[in-house]
Amino acid sequence: MDIYSIISKKKYKKELNRNEIEYFIEGYIDNSIPDYQASALLMAILLNGLTYNETACLTETMINSGDKIDLSGIDGIKVDKHSSGGVGDKISLISCPLAAAAGVKVAKMSGRALGHTGGTIDKLESIKGFNTALCMSDFISSVNKTGICIASQTKNIVPADKKLYALRDVTATIDSIPLIAASIMSKKIASGADKIVLDIKCGNGAFMKTAEEAEELAQIMVRTGNSLGKKTMGLITDMNIPLGKCIGNRLEVIEAIDILSNKGDERLKNLAVKIAAKMLEVTGQFDSDKSERIIKEKLISKEGLSKLLEMIENQGGDIKEIQNFDMDNYIPYKAKKDGYISSINTENAGLAARSLGAGRIKKDDIIDYNCGLYIEKTAGDYVEKGEQIIRIYKGNKDINKAVKLLDESFSYSDKEVKKNPVIYKIIN
Ligand code: URA
């Protein structure tokens, strides 16, 4: 076997077998296959696709490239939840505590900000003292104690993905549906949970721009999870506007607390409840209606809020600084015209928050936890010229770039504009 013939086979749209996929992954990891040949194969995959069997086999081979987390020390059914990435997406901070309050064991490994989207770990680290770098035994004992722990990935999970992702990033091969599916599912499965709920975002702020692409990705991921022995469910959800009102780390923690107090943005609340309900349903203990009823009870009784606060305390966090955040200290951003807001370029809104310091451009950039945006008016709302539509929470950086991005992000229409639903489809 040699890599030239594998590249050539994919160039002619032929299906690769298990041995060939393993040869590629193992050879790329041990440096016997150079970047230029791996790039050629990735581009052939991007252009010609992978069959379902190839994708499942690639996922499995990538899982086997590193450590697999053993969560057998946790009593109960462990459920993980993953979002394909969005702007203002603080769902994990809301849905995971709600699910944990309903008895689901949430042992979640999360990531940091990537591109224009935020990362759950950065949001949690915006809470003074919150420790995300737990060793495996503390991670497991935390879940046994409180039912929930969210930590950053410490073990050598899926090194094949780290190396391939870095290459895809510089060879314009990120946006391949089978490569995204294998990348995400390999990390989720190696992280050890028994069941998985996927939130696949679609729209102008997401990797997947259309509902069709998002559905294709979701179907492949759900099928791959199920075929590798992890019951998986997926939701396709809207990312044509930022999710909720806040973008930026501390602001998003504040908004999560607000929602768990049964206040705040209804659209965000509905999605968070649905995802938490799926996390309960996927355990197989309750059907969809009963799961949703239980989760709504946990919201109304504020048991979800207590669970979040318990997790914060258990991981060394002090919520006081967040509670004392000065919400009145902002710069208003105003509507440019009278009319209905017809669309928001959500990626730009994420980039605007990043330019204030809420995200990273380079991996080692330092995040300013206090800055971000509060979206007062969104697509479908009627506004008058000069009306305040966004609050800009400024950090140390200049706001000019953020303002320019926001100027380019909002479109207005004289005609009434329909609001998109927050959930497009559920895949069980
Ligand atoms: N997120 C991932 O983890 N991998 C991809 O390929 C794309 C998004």
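Every value quoted in this text rests on a predicted model; they were computed, and no experiment measured them. (Residues numbered from 1 in each chain as written. Predicted model: local features only at pLDDT ≥ 70, side-chain atom pairs only at ≥ 80, totals over all residues. Heavy atoms only, no water.)

### Re the pairing of strand E5 (residues 231-238)
Threshold: In this scheme, a residue with accessible area under 20% of its type's maximum is buried, one over 50% is exposed, and one in between is partly exposed, where area comes from a 1.4 Å probe on protein chains only. In this description a helix means any DSSP run of H or I spanning at least four residues, a strand means any run of E spanning at least two, and both kinds are numbered starting from the N terminus. A pair of strands counts as paired when DSSP detects no fewer than two bridges linking them. When the strands point away from the viewer, a crossover counts as right-handed if the route from the first strand across the helix to the second turns clockwise.
Burial within E5 is extensive, with seven of its eight residues counted as buried. The pairing of strand E4 (residues 195-202) with E5 spans eight bridges and is parallel. Directly across from Ile200, in E5, lies its bridge partner Ile236. A crossover links E4 with its parallel partner E5, the connecting element being helix H10 (residues 211-227), and its sense is right-handed. As judged from the four bridges shared by E5 and strand E13 (residues 423-427), these two strands associate in the antiparallel manner. Residue Ile236 lies in a different strand from E13, and its bridge partner there is Lys425.

### Side note on the pattern of salt bridges
The following threshold applies: For salt bridges, the criterion is a side-chain nitrogen of Lys or Arg within 4 Å of an Asp or Glu carboxyl oxygen.
Applying the stated criterion across every chain yields a total of 31 salt bridges. Two residues, Lys9 and Glu20, come together in a salt bridge whose shortest N-O distance is 2.9 Å. In this pair, Lys9 sits in helix H1 (residues 3-11) while Glu20 sits in helix H2 (residues 18-29), placing the two residues 11 residues apart along the sequence. Overall, Lys9 belongs to the partly exposed group, its relative accessible area being 21%. Glu20 sits in the buried class, given a relative accessible area of 11%. The partner of Glu125 in a salt bridge is Arg112, with the nearest N and O atoms 2.7 Å apart. Of this pair, Glu125 sits in helix H6 (residues 120-125) while Arg112 sits in the loop between strand E2 (106-110) and H6, and the two are 13 residues apart along the sequence. Assessed through its relative accessible area of 21%, Glu125 is described here as partly exposed.

### Section: the packing of aromatic side chains
The description of an aromatic ring pair rests on the distance of the ring centres and on the angle between the ring planes. Heads up, the rule is: For Phe, Tyr and Trp, rings pair up if their centres lie within 6.5 Å, where Trp contributes its six-membered ring, and each pair is then called stacked (planes under 30 degrees apart), edge-to-face (over 60) or tilted (otherwise). A ring has a charge above it when a Lys NZ or an Arg CZ is no more than 6 Å from the ring centre and no more than 35 degrees off the ring normal.
Considering all chains together, one arrives at five aromatic pairs under this definition. Their ring planes at 20° and their centres at 6.4 Å tell us that Phe24 and Tyr28 sit as a pair that is stacked. Taken together, the residues span about one helical turn, with Phe24 and Tyr28 both in helix H2 at a distance of four residues. With centroids separated by 5.1 Å and ring planes inclined at 70°, the aromatic side chains of Tyr340 and Tyr382 adopt a geometry described as edge-to-face. Of this pair, Tyr340 sits in strand E8 (residues 339-344) while Tyr382 sits in strand E10 (residues 382-383), and the two are 42 residues apart along the sequence. One aromatic cluster in this structure is built from Phe325, Tyr330 and Tyr393. Here the guanidinium or amino end of Arg223 rests over the ring plane of Tyr52, the centre of that ring lying 3.7 Å away. Sitting over the face of the ring of Tyr374, Arg391 holds its NZ or CZ atom 4.0 Å from the ring centroid.

### Remarks on the site of the ligand
We apply this condition: Put simply, a residue is near a molecule or strand once any heavy atom of it comes within 4 Å of that molecule or strand. Whenever two N or O atoms come within 3.5 Å, that pair is a polar contact, provided that in protein one can donate a hydrogen and the other can accept it, and provided that, for residues adjacent in sequence, both atoms are side-chain atoms. Surface accessibility follows the Shrake-Rupley procedure with a 1.4 Å probe radius. Residue values consider only the protein chains on display as shielding. Three classes are used, and their members are as follows: Ala, Val, Leu, Ile, Met, Phe, Trp, Tyr, Cys and Pro are nonpolar, Asp, Glu, Lys and Arg are charged, and the others, Gly among them, are polar.
The environment of the ligand is formed by Tyr165, Arg168, Ile180, Ser183, Ile184, Lys187 and Phe207. Within the side chain of Arg168, one N or O atom sits 2.9 Å away from an oxygen atom of the ligand. Residue Ser183 places a side-chain N or O atom 2.6 Å away from a nitrogen atom belonging to the ligand. Within the complex, 91% of the 240 Å² of free accessible area of the ligand lies under protein. In terms of residue count, the dominant contributor to the shell around the ligand is helix H9 (residues 177-190) (four residues). In terms of residue class, the shell around the ligand is built from four nonpolar, one polar and two charged.

### A closer look at the pairing of strand E9 (residues 372-375)
Neither face of E9 is exposed, since Gly372 and Tyr374 on one face and Leu373 and Ile375 on the opposite face are all buried. Here strand E6 (residues 246-247) runs beside E9; their pairing, made up of two bridges, is antiparallel. Note that in E9 the partner of Ile247 across the bridge is Leu373. When E9 meets strand E11 (residues 388-393), the two strands line up antiparallel, connected through four bridges. Among the inter-strand pairings, Gly372 is bridged to a residue of E11, identified as Tyr393.

### A few points about the sheet that holds E8
Across the sheet, which stays open at both edges, the three strands sit in the order E10-E8-E12 with antiparallel pairing between neighbours. Bordering the open sheet on either side are E10 and strand E12 (410-413), each of which pairs with just one other strand. Sheet analysis places E8 next to E12, joined by four bridges and oriented antiparallel. Each bridged residue has a counterpart across the sheet, and for Ile341 the counterpart in E12 is Tyr412.

### Observations concerning H1
Note the cut-off: Our arc is simply the arc of the directions from the helix axis toward the C-beta atoms. Contacts are assigned to residue pairs with any non-hydrogen atoms lying within 4.5 Å of each other.
Those residues of H1 not exposed but buried are Ile3, Ile6, Ile7 and Lys10. Each buried residue of H1 lies within a common arc of 100° when the element is viewed along its axis, so the set occupies one face. Next to the buried residues of H1 lie H2, helix H3 (35-48) and helix H4 (52-63). Its side-chain oxygen at 3.1 Å from the backbone nitrogen of Tyr4, Asp2 defines the N-terminal cap of H1.

### Digging into the nonpolar core
Our working rule: Nonpolar cores are built from buried Ala, Val, Leu, Ile, Met, Phe, Trp, Tyr and Cys residues. Side-chain atoms within 4.5 Å join them into one set.
Core analysis: the largest hydrophobic core is formed by 80 residues, its most contacted members being Leu373 and Ile390. Counting residues per element, this core draws most heavily on helix H12 (residues 266-281), at nine residues. When sequence neighbours within four positions are dropped, the list of residues in contact with Ile390 reads Ile331, Pro332, Tyr333, Leu373, Tyr374, Ile375, Glu376, Leu406 and Phe410. Residues Ile157, Leu179, Ala182 and Ile196 belong to the second largest nonpolar core, which totals 57 residues.

### So, the packing of H3 against helix H8 (residues 159-170)
A pair of packed helices can be characterised by two numbers: the angle between their axes and the separation between those axes. Note the threshold: The axes used here are C-alpha line fits, helices contributing only the stretch in contact, and every angle between their N-to-C directions lies in the interval 0 to 180 degrees. For classification purposes, angles smaller than 35 degrees are called roughly parallel, those larger than 145 roughly antiparallel, those between 65 and 115 roughly perpendicular, and all remaining angles oblique.
The interhelical angle for the contact between H3 and H8, taken along N-to-C directions, is 75°, at an axis separation of 10 Å. Relative to H8, H3 is oriented roughly perpendicular. Contacts between H3 and H8 pair Asp35, Ala38, Ser39 and Leu42 from the former with Leu164, Leu167 and Arg168 from the latter. In the contact of H3 with H8, the residues fall into four nonpolar, one polar and two charged.

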